[in-house]
Amino acid sequence: MLQFVCWEHSSIFCVRLYDRVHIITWNVGGAMPPDDITALLGLHVGDGNTDMYIIGLQEVNSMINKRLKDVLFTDQWSDACMERLSPFGYILVTSQRMQGVLLLVFAKYYHLPFLRGVQTETTRTGLGGYWGNKGGVSARMSVFGHTICFLNCHLPAHMENSEQRMEDFESILQQQQFEGQAATGVLDHDVVFWFGDLNFRIDDLEIPAVKTAIDNNKLTMLWEKDQLNMAKDSETVLVGFLEGPLKFPPTYKFDVGTDTYDTSGKKRKPAWTDRILWRLRATAPFGQAPNAGKRGSVSGLSSGTKVTQHFYRSHMEYTVSDHKPVSSIFTLQFPYKVDMPLVTIMVEDEWNSIADATCTFKAAPNFARSSWDWIGLYKVGFKHHKDYVGYVWAKQEEADYHRVTFTEEELPKGSGDFILCYYSNNTSTLVGVTEPFQVLTMMLWF
Ligand SMILES: O=P(O)(O)O[C@@H]1[C@H](O)[C@H](O)[C@@H](OP(=O)(O)O)[C@H](OP(=O)(O)O)[C@H]1O
C-alpha cells in the first residue's frame, strides 16, 4: 500500500511516498505455467501491500503455431498471471514480448492515473542482432512523477560468453531509446531495474567443488567466482548497479521435475544465471555514482528517491523448468510530488436505476483530450483496459464538467461492484479511475 508519512524538513511539512514493487524473473524453459503460481507471487502472504508486480520471463514457448495462437489471444503465462493477480485489484499496465522474452507490468488499479508516459522497447541480440531468442525487452514510465525503467534480458548462454553478455547488455542499453525529454535512454531513468536470465556462470571451480559449497551452504565461496560479480570490478557499464547478497543456491541448471542439479550429458555447472539488480540515476560525477558499492539493500539519490530491497530469494518448489524463479521485493521512497489525476470522474455510490447510470468528469487543464477518448465501466477484478463491460465516448465540449450517460446495452447483466475509468487515446492508458461503486441491475430492468 502507498503510505503517506509526514515528517518535518526545512521548516515545511513534506509527505513521503512509498511504493512497493515485487519483481520476478524466471526462465520457464518452454514449459506451461504450473497449476499454482500463488507462492511465486507471494499472495499467500496476503498483506495486499504490493503496489506493482513486474514479471520477466524467458524461454516462453515461441514455437510458430503456438506464437500464432498467442498473437490472436494472449499467451498462457500472461493469462495465468492475470488470472491470479486481477482478483487482488492488479491490472496489466503494459506487456512486451520478443519471442520467448516476456515482460508484464501490473499495478493496483488506483495507481493507473499516476503511471504516465508508458513506453516499451525491444532489442534483439541473437544471431548478431537479427534474432530475438536473446536480447532485452523493457517498459518505462513515470510513477508519481519519477521515471522508472524495467529491463528484462536474456543474455547468451555458456561459460565462455561472459564478455559477449556484457557486450550485448551494452548494446541493449545503447539501442533502447524512448521518446520524450525526461528520460530517453534506460540509464537516464531515476531508477532502473535490470533482471532476467543474465546467464553469468561460476568460473574456475569444478562441478563437484561447486556442489559441495552449495551442500555445505558455503555460498560466499562461490560469490567471488561469479562472473557478474567479477565484471563489476572492471566494467564501467555496471557502475551504480546494485544487487543484494545471493543467499539462495544457484538457480540453474536442474533436471526438470526435480530439485536435482543437472545430471544430463551436458553436465552444466550450477550457476546464478537468474538475477535482479537495480540502479539509481547517477547524480554525482562519473565514477562517484551514489552507493556504487557492490552489495547493499538501501540506496538513494540526492533528490530524495530511495530504493530498499527487502527480499531476494529463489523458489525451489517450482520444477517445470531447468531454472528456478527468483524474486525480490523493493520499496521505493519518493520525495513529495504534487500529482493530480489528469481526469477526475465523479459517480454516485450506487446505480439503482437506469437513470443513475451516468457520471461527470473534469479534465486537468494540461491534459490533451482526444475525440477518441472514452469512459469504460469495469467489473472490480478486471484484467486490463480492454476488459470493460461497456463504454461511452467522452465527448469534447467547451465546459469544465462533462456528463456522460450509459445506455442499457452498456450495462452489466448482473449486479456487483464496478469502477469507471477514463481511457486516453493519446496515451493509450487509463488516466482517471473512480472508487468501486455498486450496480444493482435487477433494479435497472424494472
Ligand atoms: O534459447 P536458445 O537460443 O535456444 O539458446 C539455448 C538456451 O540458452 C539454453 O538454455 C542452452 O542450454 P543449456 O542451458 O543447457 O546450456 C542452449 O545451449 P546448448 O545449445 O548448448 O544446449 C542454448 O542454445
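Computed from a prediction, not measured in an experiment: that's the story for all the values here.

A. Examining the sheet that holds strand 11 (residues 274–280) more closely. Strand order in the open sheet formed by six strands is 6-7-8-9-11-10, and the pairing between neighbours is mixed. The open sheet has two edge strands with one neighbour each: strand 6 (115–126) and strand 10 (241–242). Here two bridges tie strand 10 to strand 11, and the two strands are oriented antiparallel to one another. Across the sheet, F241 pairs through a bridge with R279, a residue of strand 11. Sitting on the sheet, helix 4 (residues 162–175) touches strand 6, strand 7 (131–143), strand 8 (146–154), strand 9 (191–197) and strand 10, and the angle it makes with strand 6 is about 140°.

B. Structural view of the side chain of T25. Tracing the backbone shows T25 in strand 2 (residues 12–27). By relative accessible area, T25 is classed as buried at 0%. For T25, the residues in contact, after removing those within four places along its chain, are G56, Q58, F195, G196, D197, D274, R275, I276, P325 and V326.

C. Layout of the domain arrangement of the chain. Domain assignment breaks the chain into domain 1 (3–335) and domain 2 (343–445). Counting from both sides, the interface comprises eleven residues of domain 1 and, opposite them, 13 residues of domain 2. Both faces combined, the contact of domain 1 with domain 2 buries some 1,000 Å², and carbon together with sulfur accounts for 66% of it. Our count for the contact surface shared by domain 1 and domain 2 stands at one salt bridge. Taken together, domain 1 and domain 2 are joined by three residue pairs in polar contact (both at pLDDT 80 or more).

D. Representation of the site of the ligand in the model. Taken together, E59, N133, K134, A157, H158, Y252, K253, K266 and R268 make up the full set of residues near the ligand. Between an oxygen atom of the ligand and a side-chain N or O atom of Y252, the distance comes to 2.8 Å. Out of a free accessible area of 500 Å², the ligand has 65% covered by protein chains.

E. Here's a closer look at the nonpolar core. Counting residues in each nonpolar core, the largest one holds 57 residues, and the members touching the most others are M52, I54, M141, F150, F193 and L222. The residues that make up this core include at least three from each of domain 1 (3–335) and domain 2 (343–445). In contact with F150, not counting residues within four places along its chain, are V21, M52, I54, L103, V137, S138, A139, M141, F193 and F195. Judged by nonpolar contacts, the second largest core, of 23 residues, contains V343, C359, V404 and F418.

F. Seen up close, the packing of aromatic side chains. Using the criterion set out here, one finds 25 aromatic pairs in the structure. Between the aromatic rings of W26 and W77, the centroid separation amounts to 5.4 Å while the plane-to-plane angle is 85°, which identifies the pairing as edge-to-face. In this pair, W26 is assigned in strand 2 and W77 in helix 3 (residues 76–85), connecting sequence segments 51 residues apart. Comparing W26 with W77 shows no difference in burial state: the two are buried. One aromatic cluster in this structure is built from W372, W374, Y378, F382, Y388, Y391, W393 and Y423.

Here is what the cut-offs are and how they apply
- Residues numbered from 1 in each chain as written.
- Predicted model: local features only at pLDDT ≥ 70, side-chain atom pairs only at ≥ 80, totals over all residues.
- Heavy atoms only, no water.
- Pairing = 2+ DSSP bridges.
- Helix = DSSP H or I, 4+ residues; strand = E, 2+ residues; numbered from the N terminus.
- Contact = heavy atoms within 4.5 Å.
- Axes fitted to C-alpha atoms, helices over the stretch in contact; angles between N-to-C directions.
- Buried < 20%, exposed > 50% of the residue type's maximum accessible area, 1.4 Å probe, protein only.
- Domains from an automatic or database assignment.
- Buried area = accessible area lost by both parts, 1.4 Å probe.
- Salt bridge = Lys/Arg side-chain N within 4 Å of Asp/Glu carboxyl O.
- Polar contact = N/O pair within 3.5 Å; in protein donor to acceptor, adjacent residues only side chain to side chain.
- Near = heavy atom within 4 Å.
- Areas by Shrake-Rupley, 256 points an atom, 1.4 Å probe, with all protein chains shown as cover.
- Core = buried A, V, L, I, M, F, W, Y, C linked by side-chain atoms within 4.5 Å.
- Phe/Tyr/Trp six-rings, centres within 6.5 Å; stacked < 30°, edge-to-face > 60°.

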